[in-house]
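For reference, the chains in residue letters:
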Amino acid sequence: MTKISKAACIGGGVIGGGWIARFLLAGIDVDVFDPHPEAGRIVGEVIANAEKAYAMLTGAPLPPQGRLRFCATLQEAVADADWIQESVPERLDLKRRVLTEIDAAARRDALIGSSTSGLLPTDLQRDMRHPERLFVAHPYNPVYLLPLVEIVGGAKTSAATIQAAMERLPPIGMKGVHIAKEIEAFVGDRLLEALWREALWLIHDDICTVETLDDVIRYSFGLRWAQMGLFQTYRIAGGEAGMRHFLAQFGPCLAWPWTKLTDVVDLDDALIEKIGRQSDEQAAGLSIRELERIRDENLVGILQALKGGDGGKGWGAGKLLKDFEQSLWADGGATASLDPSKPLRLVETKVSPAWVDYNGHMTEHRYLQVFGDTSDALLRLIGVDLAYVEAGQSYYTVESHIRHLGEAKLGQAIHSTCQVLAADEKRLHLFHTLQDTATGAVIATAEQMLLHVDSKAGKSVPAPAAVLDKIKAIVVAHSDLALPEGAGRSVGQRR
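Because the structure is a prediction, the values reported are computed rather than measured.

The rules behind the values
Residues numbered from 1 in each chain as written. Predicted model: local features only at pLDDT ≥ 70, side-chain atom pairs only at ≥ 80, totals over all residues. Heavy atoms only, no water. Disulfide = S-S within 2.5 Å. Buried < 20%, exposed > 50% of the residue type's maximum accessible area, 1.4 Å probe, protein only. Helix = DSSP H or I, 4+ residues; strand = E, 2+ residues; numbered from the N terminus. Expected span 1.5 Å × (residues − 1). Contact = heavy atoms within 4.5 Å. Phe/Tyr/Trp six-rings, centres within 6.5 Å; stacked < 30°, edge-to-face > 60°.

What follows deals with the state of the cysteines. One pass over the full model with this rule turns up zero disulfides. No disulfide involves Cys71; its sulfur sits 11 Å from that of Cys9, the nearest cysteine. On the basis of relative accessibility, which here comes to 10%, the residue Cys71 falls in the buried class.

Shown next as structure tokens:
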């Protein structure tokens, strides 16, 4: 089994809530235990942010969202889970106690990950009866968007556990990196700590303000790091001679006293107040939730840009997103059980915050997106899936006519059906209907003509017999259906 079937999250704060959202949006049921009196509200706000981010992140068909359940006890939450993620506050005594309780109540084959950002897994697993299944799974905030997880084993963690953890992350869109030796703070936080220490000294010594320092990062090397990291960036800086030339040229600088190195700044009341005041000025009145929304939108844009890198093959985190989407499209093609004797119900969704305008109504281009998803779902049903497209052939939409008959509003459950009006060896004539799932009211319709093409040759060609046979079966079944109201109508034409 290389997929998580059910997850449990112990702790639902910033990190725990991010894990919950990541699991739910991957279609995984999650049981949660968090004694905080407002855990439901906090987790709900994180999930809302994640839903909005995913609506912007990908047009691939997400699986039906997993079920969320808050449990009265830790034991109830972990009882049936095969992946348990602990995300309680960063105190060794607390984490050790919680992980020991998880170990005693969990299934024998369950994996247990800790979200610790620096505690050693050997210390965490000290009192466990089955320490071989405990590992650090250290993510980065926001967990639902940033895909990296540092996987770190302790002295008693088995190799099979590490392998199993690494295998279960790609299906939820994450990338595990195995840290070969356990050290405090692992890799990412060690790098961040060094930068953070130097940043505090620069503020302490009045070299710059917090806003200036952030500008230095986000307008320069931060952009490079987002796509190539540190070493590959410096390889380029070495010119045609590469990394060896860069090290020979700039290596001696490491001995110069440029930085404070391991000198620790005294975070006294005056420095804390200075940083706090400058941070308040930088935020300019934006709330934490508003800053999170801006952060998420920017991260989505960066990931989308990286997805198109390297000539469309994807680069860095963008390639990971591209691979994740391919798995979503493949799983989204499982529609063979649909009844072809009536309009095919192919898309089920909900109007997310990312889809609405200032009036709270679904924006115009989102209608086209839903209808495009409906056409894509039909194509997967007849065998025109991702592998088919990558082999060089596909159907291209050459004409669309959308009628807006009602309004789809924020949070509204909607679905789209498809009726095949006609088809020949090259063309598909489709009619889609978007409806309110609760009432059945028609919100919009779309009539589309699709043309089968050889994308490499750049011209239309007949579809292969295997595809045409599936199309013909649907056409025959749909021939008994009434012609949809509005089919064949031109723009502006009335009933």
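Taking 1.5 Å per residue as the helical rise, helix H7 (residues 188–204) with its 17 residues ought to reach 24 Å, and the 24 Å between its terminal C-alpha atoms agrees with that figure. The elements touched by buried residues of H7 are strand S6 (134–139), strand S7 (148–153), helix H8 (210–228) and helix H11 (269–283). Asp206 sits one or two residues past H7 and shows a positive phi near 60°.

In this section: the packing of aromatic side chains. Across all of its chains, the model carries seven aromatic pairs by this definition. With centroids separated by 5.5 Å and ring planes inclined at 80°, the aromatic side chains of Trp83 and Phe135 adopt a geometry described as edge-to-face. In this pair, Trp83 sits in strand S4 (residues 83–86) while Phe135 sits in strand S6, placing the two residues 52 residues apart along the sequence. Taken individually, Trp83 and Phe135 each receive the classification buried, so the pair is uniform in this respect. Between Phe246 and Phe250, the ring centres sit 4.9 Å apart and the planes meet at 40°, which makes this aromatic pair tilted. Taken together, the residues span about one helical turn, with Phe246 and Phe250 both in helix H10 (residues 242–250) at a distance of four residues.

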